[in-house]
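# Fold and contact review
Here is how the chains run, residue by residue.
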Amino acid sequence: MRANSLIELDREHLIHPVVSWSGHEKRGATVLQSAKGVMLTDSEGRELIDGFSGLWCVNVGYGHESIVEAAAEQMRRLPYATGYFHFSSEPAIRLAAGIAELAPGDLNHVYFTLGGSDAVDSAVRFIRYFYNVTGRPTKKHMIALQRGYHGSSTVGAGLTALPVFHDGFDAPMPIQHHIASPYPYRNPNGSDDASVIASSVAALRDKVEELGAENVAAFFVEPVQGSGGVIVPPDGWLKAMREACRELDILFVADEVITGFGRTGPLFGCEHDGVVPDLMTVAKGLTSGYSPMGAVLLSDTIYRAIADNAPAGKPIGHGFTYSAHPVSAAVGLEVLRLYTEGGILANGQRSGAHFTQRLQAMESHPLVGDVRVRGLLAGVELVTDKQKRLKPTADLKVAEHLSRLGYEKGLIFRAFADDIVGFAPPLVCTIEEIDLLVDRFEAVLDGLLEIPDIRGALAA
Ligand code: PLP
C-alpha cells in the first residue's frame, strides 16, 4: 500500500496517544517502516537515528534475530498460557526468577502486566489490599512528585503530575497529592545538592504531617523523572527520600518503567543510590519493546503480609488475561540474556560515559541552559537567556521547530512542550553512533539559531 493511502487510513481510523486529535488530522502520521540497530527508516525512505529508543524502550536496539527466534519458538510451542487457575508457563517462571535474582534487595515476587500503566495500577491495588488486610485501612492517600509520570490508567494518571493527563479527565483524585520536584536547575530553595535534598525531604514530611501518617499509604517516585523533562536528582536524593518514607511509615514505590534495564547505567536506577524499595514497577526495557510487558515487584515483607493475612482460601481478585504472557516472557528472557551475557548493559555504560561528555560540552551553545544526564538518559533545557534562565516564549514555537529540524537532520528525540529535549538512545549505541547523534543534535540547535525570531530573542 502506498504511504499516502496509509496516512489517509491512519487519519480516519487510528487514534494516537497524547496528541491533539484534530492537530493529528491536519498533520498526518509519519509512518515508520523498518529498523536495524539504532537506525529507523520511514515510508519516505528517510533514515533517522533513534535517539529515543522508540519511547524509551528499545534498549537493545532493533533487529535482534535471537529475540525474534525466541518469540517464534514460543509461539509455535505454546502461544498462550493463562496464569489463572494455578496454571503457569516455563518462560514466565524463569523470567520472574531471573528478575528477582537481579533486582535490588528482597524484591523477590513478580506480578506481570502488559506495560507500565497497569504495573502502576497493580501496585496501587496491592498497596490498598496490603493495608486493608494488615489492619490499617485508613492508609489510603498517596504522594508523588510534581512533573512525575506514572502512566495514564484511571488511577495512575492522578499520580502523574503533568497537566494534560489531568485536564478534562477529573484527575487527580482527592487521595492523590504532589510535592515539588527536586529540579535542581529551577529549585527555589537553592540548586546545591544539600538544599535540594533537604527541601524534598521537608516537603514530604510536611505533606505526611498535613494528611496524618495514619492516612498515608505510599510515596511513588521515578529515580530520574522522565516525561517531566528528565530531571536528574543529586546523588543521595533517592536514598534520603527512601529513608524518610521508612521513618514516616509509608511505602516507597520506585517507578522504574524508564530507568529500569540499564537506561541510567546499572540494571536498575535505584542501584545508583543503593536503594531497595518496597515495590518497584518496570516495563519498557523489560522486553525492549519487542512485545508488550511490564511488572510490579513486591518485597518479601509486602508479599508475605498479603499472602499470610488475606482471608484463608479466598482469591486475591487482581488479574489480567495476558499477565505473564508466555511469548512476552520468552522475549523478556532473551532480552535479559542480551543485557547480561550479551554485554549490552556494559556497552550502555561505556556509551553513556561518552554521551555524558559530549552533551555536557554543549552547555556552551547559546541556546542551552541546562544539560542533565545519567547514563543514556538525558534532558537538555533550552533558554533564551542563560543568566536569567529564561524559557523561550510560546510564540517562538521552539518545540515545533525542533521536531521539524530533527526530522530534516535525521534524528529522533523528544521535544517536550516546555522546550526540554529528551534523549534515551539504545544501549547498543557505539561511540561513533553517539557522536553522530550529538553532531546531528548540534546541527538541529544551529538550525534553530538561523530562525530570525529565535536568534532575535537571545539575550545579548
Ligand atoms: N511510569 C513511568 C515512569 C513511565 O515513564 C511510563 C511511560 O512512559 C509509565 C509508567 C507508563 O507506561 P506505559 O506507557 O507502558 O503504560
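Read on for a plain summary of the structure. (Residues numbered from 1 in each chain as written. Predicted model: local features only at pLDDT ≥ 70, side-chain atom pairs only at ≥ 80, totals over all residues. Heavy atoms only, no water.)

### What to know about the site of the ligand
Taken together, Gly115, Gly116, Ser117, Tyr149, His150, Gly151, Glu222, Asp255, Val257, Ile258 and Lys284 form the complete shell of residues around the ligand. Taking Ser117, its side chain carries an N or O atom lying 2.6 Å from an oxygen atom of the ligand. Contacts to the ligand include Asp255, whose side-chain N or O atom sits 2.8 Å from a nitrogen atom. Within the complex, the protein chains bury 83% of what would otherwise be the 390 Å² of accessible surface of the ligand. (Near = heavy atom within 4 Å. Polar contact = N/O pair within 3.5 Å; in protein donor to acceptor, adjacent residues only side chain to side chain. Areas by Shrake-Rupley, 256 points an atom, 1.4 Å probe, with all protein chains shown as cover.)

### A few points about the nonpolar core
Nonpolar side chains in soluble globular proteins tend to end up buried together. By size, the foremost hydrophobic cluster in this structure holds 87 residues, and its most contacted members are Leu204, Phe219, Phe355, Leu382, Phe423, Phe441 and Leu448. Looking at which element gives the most residues to this core, the answer is helix H15 (residues 431–449), with eight residues. Counting the residues that make up this core, at least three belong to each of domain 1 (31–63 + 343–457) and domain 2 (66–340). Setting aside anything within four residues of it in sequence, one finds Phe355 in contact with Val373, Gly375, Leu376, Ala378, Phe423, Pro425, Ile434, Leu437 and Val438. Within the second largest apolar cluster, 23 residues are counted, among which are Val124, Ile127, Ala144 and Ile306. (Core = buried A, V, L, I, M, F, W, Y, C linked by side-chain atoms within 4.5 Å. Buried < 20%, exposed > 50% of the residue type's maximum accessible area, 1.4 Å probe, protein only. Helix = DSSP H or I, 4+ residues; strand = E, 2+ residues; numbered from the N terminus. Domains from an automatic or database assignment. Contact = heavy atoms within 4.5 Å.)

### Description of empty space enclosed by the protein
Here the structure, examined in full by the defined rule, presents one cavity of 30 Å³ or more. By volume, the largest cavity is sized at about 40 Å³. Along the walls of the largest cavity sit Pro223, Pro233, Pro234, Asp235, Gly236, Leu238, Gly269, His272, Asp273 and Arg374, which together make up its complete lining. Of the residues in the lining of the largest cavity, the class split is four nonpolar, three polar and three charged. (1 Å grid on protein atoms, 1.4 Å probe; cavity = no way out; pocket = protein on both sides within 12 Å on 5 of 7 lines; lining within 4 Å. Points joined across faces, edges and corners; volume = space filled by probe spheres on them. Nonpolar A, V, L, I, M, F, W, Y, C, P; charged D, E, K, R; others polar.)

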